2 protein chains.
Amino acid sequence: MRLAVIGAGAVGRSVVELAGEHGHEVVAVADSASATVADGTGGRGVGVDPDAVVARKAERGIVGDGDPEDALAADYDVLVEATPTTLGDAEPGFSHVTRALERDRHAVLANKGPVAERFGDLRRAVADSAGEIRFEATVGGAIPAVSTVEDIEPGHVTAVRGVLNGTANFILTRMAAEGLDYEHVLAEAQDLGVAEADPSFDVDGTDAALKCVILANVLSFGAADDPAAAREFTLDDADVSGIRDVPGSALRLAAEDGRTVRLIGEATGETVRVAPRLVPENGTLAVSGTQNIVQIETEHAGRLNISGRGAGGPETASAVLGDVGRLE
Amino acid sequence: MRLAVIGAGAVGRSVVELAGEHGHEVVAVADSASATVADGTGGRGVGVDPDAVVARKAERGIVGDGDPEDALAADYDVLVEATPTTLGDAEPGFSHVTRALERDRHAVLANKGPVAERFGDLRRAVADSAGEIRFEATVGGAIPAVSTVEDIEPGHVTAVRGVLNGTANFILTRMAAEGLDYEHVLAEAQDLGVAEADPSFDVDGTDAALKCVILANVLSFGAADDPAAAREFTLDDADVSGIRDVPGSALRLAAEDGRTVRLIGEATGETVRVAPRLVPENGTLAVSGTQNIVQIETEHAGRLNISGRGAGGPETASAVLGDVGRLE
C-alpha cells in the first residue's frame, strides 16, 4: 500500500522508517508546515527516502520543501493521521481523515482526537465512502485492544478496563517501590523523558480517558442494532480523576494489605470512568513501569488480559502498520 | 454465513448453540456416524434447530438421521472442523477441510491435527481454492494468539511462548499450592473433569507441543520470502517433555527461591520446545489453574502477553466464530 503520513513526531517518523519492512511505501510525508511527496517519475514503485526525511526533520525541523496540502492531495492508498491529539473539533486531524474518505481512500489514525471526540461524524463519513478507517494505535500502543474487541464482536464484550497510560503508571510504580511522594517521582519521570514538561495530559487521566472513550464508542456502535442510533461518547462523558492527589501514605497503607494503587480506566457501552484504584499487588492489573494492560470481559469466553508496551514510536507505528495490513 | 459444523463434541455443540448470536446460521451438523441438514424448504434463512440438535446428541448420541456425507455435501459458506485431533495423516479432519476447499468454500478449524501435521498440504490446497482457512481455535482457546501474530506479521515476531495446556497447568498449580505430589493432584484433576481418564495427551506435553508446532508453522510461512520453500513443522520436530516426572520437592525448592514450575512451550521460526521450566512465582508466565498465557516477542513492539481461558466449549467456539467473522 502507498502511505501518506501526516505528522512527523515520534509516531509519524517511526511509520516512515518501518513501512518498507512491512511491504508498504511512503509516497508523502507532512508536518505542520512542510511536506515531501515522492515525485512519481520513477513510476509507482518509488516512494520517499525514509532516512532522508527523518534526517531532514532532525536537522532542519521540516520534512521537505513542499506544502502540507501537497501531501493531502497526493496519490496514496492509506492516509496515516499522526498529528497531535486535539480535543473538541479534533482539528486539523479530523479534516485530514474526512479529506481522505471523500477521495474514497482509507485512513489509519494514531491521533485519538477524532475517534474520541467525533466518532459519529467519522462513522457518517465512512458510510459515504469506499474507504475505511482503523485506529488500533489510538488505544494501548502495541497492544491489539481494538482489533481483539472487534474480533470477539463488541456485542459480546461487556467491559474493557485497564492501565492505559504509561506515564501515570510509572509514577505510581516508583512511588510504591521507593516510598517517595508524587512530586519527587514526577521530577524523576521528567528527567527520564517518561513524563513531559507539562505532564497534565497524562497525570490528570485525560489520555487514559480518551482511550476509554474510544473503547466505549467501539462497544456502543458494535452492539447497536441500528448504528445510526447508537450512543456516542466524548471526553465530556467520562468521569475522570488523575493521580496528582495520591499521597505516598496511601501506597504504604495499601502495601500492608497486599495491594497497590493503579490509575484504572474502564469503559462499557454505557459508562466511562478513570480513577486511581486499589488492586492486588501481584495481580494482573498491577503492571509495572510504563507497561499497559487491557482487560476484556467477554460474554462466553471469560476474561482476556493483554499487556505490553503502551506507547513509543516503534510500538505505535507497529499498530499503525498492523492496521494498514488489515486494510489490504 | 452458513455453517456446516463437523464434530459434535463440546466445541461443535457450543458452535451450534452460539452461531445465531453472531448472526450466522448452522445449515448442517455431523458427528462420526450421523448428520442433520437444514431442509432448505424454508429458503436460505432456515438453519437447523440448535437446541434440538444438542438435545438429540445428549439423549440419543446422534445429531440426526442423515449420514455425515450429507453434511459435507451441503450448501454452506464455512465448514467448521471440530472433530477430535488426530496425528500423522490427520484424517478424517484433513479431508473434511480439503473437500471444502475443493468446493471453493472456507474452513475454520478447531482440530489441531491438520494444521500441526500437514500444514504444507493445507497451504497448497488453499492456493488452489477460492476459499480460505483460519485456525485461531487450535491455539489457546479464547486467546487470540494466531490473529495477533498475523496482525504483527510473522516476519516481525521472533518467538512465541507460553502456558498452553490448562490441565498440566492446573496440576502444577495445585502441587505448588498444596505441597502434594503429582499422582495425588492428577486424581483430583480427573475428579474435577479437568484431566481425562487417560491424561497423557495433556500431561506428556503433546497438546502443548501441537499448539507450538502450529505457531512455528505460522511464523515460518509468514516470514518466508517464498512460502512454497518455507520450512514446515510437524509434531516430530518438537522437543517435548511433560510433567509426569516433576516431583513435589522441585516445587518446594523453587518456592524458596521465589519461583515455581510451569510447562512452557516455545516456538520460533526454527525450533519447537515444550518442557517444565522454572519461572518467577509472581511473574507473567506463572498463570494459575487452567488459565493459559501466550507471550509474543516482537521486533519493534517489545513483548505482548495475552492470558485468558485456553479451553472449554464456549471459549473455543468464541474463537471459531471470531474466525468466521474475519472471513466475511
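Chain A is annotated in an unreviewed UniProt entry as Homoserine dehydrogenase from Halorubrum rutilum. In its Sequence similarities (unreviewed entry) section, the UniProt entry covering chain A states "Belongs to the homoserine dehydrogenase family."

Caption draft 1: Just the environment of P199 of chain A, in detail. Residues and elements named next belong to chain A. Mapped onto the secondary structure, P199 falls in the loop between α9 (182-191) and α10 (200-203). Relative accessible area serves as the criterion here: at 8%, P199 is assigned to the buried category. Along the sequence, P199 and A168 sit 31 residues apart, while their C-alpha atoms lie 9.2 Å from each other. Ignoring any residue separated from it by four or fewer positions in sequence, one finds P199 in contact with L186 and Q190.

Caption draft 2: Layout of the interface of chain A and chain B. Taken together, the contact between chain A and chain B spans 31 residues of the former and 31 residues of the latter. Linking chain A with chain B are two salt bridges, by the criterion used here. Residues D151 of chain B and R326 of chain A are paired through a salt bridge, measuring 3.0 Å at the closest nitrogen-oxygen approach. Remark: the boundary between chain A and chain B carries eight residue pairs in polar contact (both at pLDDT 80 or more). Of all elements in the fold, only α7 (145-152), β12 (303-309) and α13 (313-327) of chain A reach the threshold of two or more residues within the side of chain A that touches chain B. Broken down by element, the residue count for the side of chain A that touches chain B peaks at seven residues, all from β12 of chain A. The residue inventory of the side of chain A that touches chain B, partitioned by class, reads 10 nonpolar, 13 polar and eight charged. Relative to strand β12 (residues 303-309) of chain B, β12 of chain A is paired through three bridges, and the arrangement is antiparallel. Note that in β12 of chain B the partner of S307 of chain A across the bridge is N305 of chain B.

Caption draft 3: A look at the packing of helix α4 (residues 93-102) of chain A against helix α6 (residues 119-127) of chain A. Residue and element names in this part refer to chain A. Running from N to C, α4 and α6 cross one another at 15°; their axes reach a closest spacing of 9 Å. What the angle tells us is that α4 and α6 run roughly parallel. The crossing of α4 and α6 is right-handed. Here F94, V97, T98 and L101 of α4 lie close against α6, whose contacting residues are D121, L122, A125 and V126. Residues that form the contact of α4 with α6 fall into these classes: six nonpolar, one polar and one charged.

Caption draft 4: Looking closely at the pattern of salt bridges. All chains considered together, the criterion is met by 48 salt bridges over all chains. Note that R259 of chain A is salt-bridged to D257 of chain A, the shortest N-O span being 3.6 Å. Measuring nitrogen to oxygen at the nearest pair gives 2.9 Å for the salt bridge that ties R309 of chain B to E315 of chain B. Judged by relative accessible area, which is 38%, R309 of chain B ranks as partly exposed.

Caption draft 5: Up close: the pairing of strand β11 (residues 291-298) of chain A. Residue and element names in this part refer to chain A. Of all eight residues in β11, seven are buried, a share of seventy percent or more. In this sheet, β12 lies alongside β11 in antiparallel orientation, the contact comprising seven bridges. Residue N292 lies in a different strand from β12, and its bridge partner there is G308. The antiparallel hairpin formed by β11 and β12 contains four residues in its connecting segment, where G302 sits at a positive phi of about 65°.

Caption draft 6: Main features of helix α1 (residues 10-18) of chain A. Residues of α1 of chain A that are buried: V11, G12, S14, V15, V16 and L18 of chain A. On its buried face, α1 of chain A sits against β1 (2-6), β2 (25-30), α2 (50-60) and α13 of chain A.

Caption draft 7: Fine view of the relation of the copies chain A and chain B. Superposing chain A onto chain B takes a rotation of 180° combined with a translation of 0.0 Å along the rotation axis, leaving an RMSD of 0.0 Å. Taken together, the rotation and translation describe the operation of a two-fold axis. Residue I306 of chain A of chain A places its C-alpha closer to the rotation axis than any other residue of that unit, at 2.2 Å. A shared binding surface is used by both copies, with 100% of the interface residues of chain A retained as interface residues in chain B.

Caption draft 8: Molecular detail of the pairing of strand β9 (residues 259-267) of chain A. Residues and elements named next belong to chain A. With seven of its nine residues buried, β9 lies for the most part within the structure. Inspection of the sheet shows strand β7 (residues 157-163) paired to β9 by three bridges, in the antiparallel sense. Bridge pairing links R161 to E266 in β9. Across nine bridges, β9 lies against strand β10 (residues 272-280) in antiparallel orientation. Bridging across to β10, G265 finds its partner in V274. Between the end of β9 and the start of β10, which pair antiparallel, lie four residues.

Basis of the calculations
Residues numbered from 1 in each chain as written. Chains lettered and ligands numbered in written order. Predicted model: local features only at pLDDT ≥ 70, side-chain atom pairs only at ≥ 80, totals over all residues. Heavy atoms only, no water. UniProt positions renumbered as here; feature names shortened; annotations may be inferred. Helix = DSSP H or I, 4+ residues; strand = E, 2+ residues; numbered from the N terminus. Buried < 20%, exposed > 50% of the residue type's maximum accessible area, 1.4 Å probe, protein only. Contact = heavy atoms within 4.5 Å. Salt bridge = Lys/Arg side-chain N within 4 Å of Asp/Glu carboxyl O. Polar contact = N/O pair within 3.5 Å; in protein donor to acceptor, adjacent residues only side chain to side chain. Nonpolar A, V, L, I, M, F, W, Y, C, P; charged D, E, K, R; others polar. Pairing = 2+ DSSP bridges. Axes fitted to C-alpha atoms, helices over the stretch in contact; angles between N-to-C directions. Parallel < 35°, antiparallel > 145°, perpendicular 65-115°, else oblique. Left-handed = near helix turned anticlockwise from the far one by under 90°. Least-squares fit on C-alpha atoms with pLDDT ≥ 70 in both.

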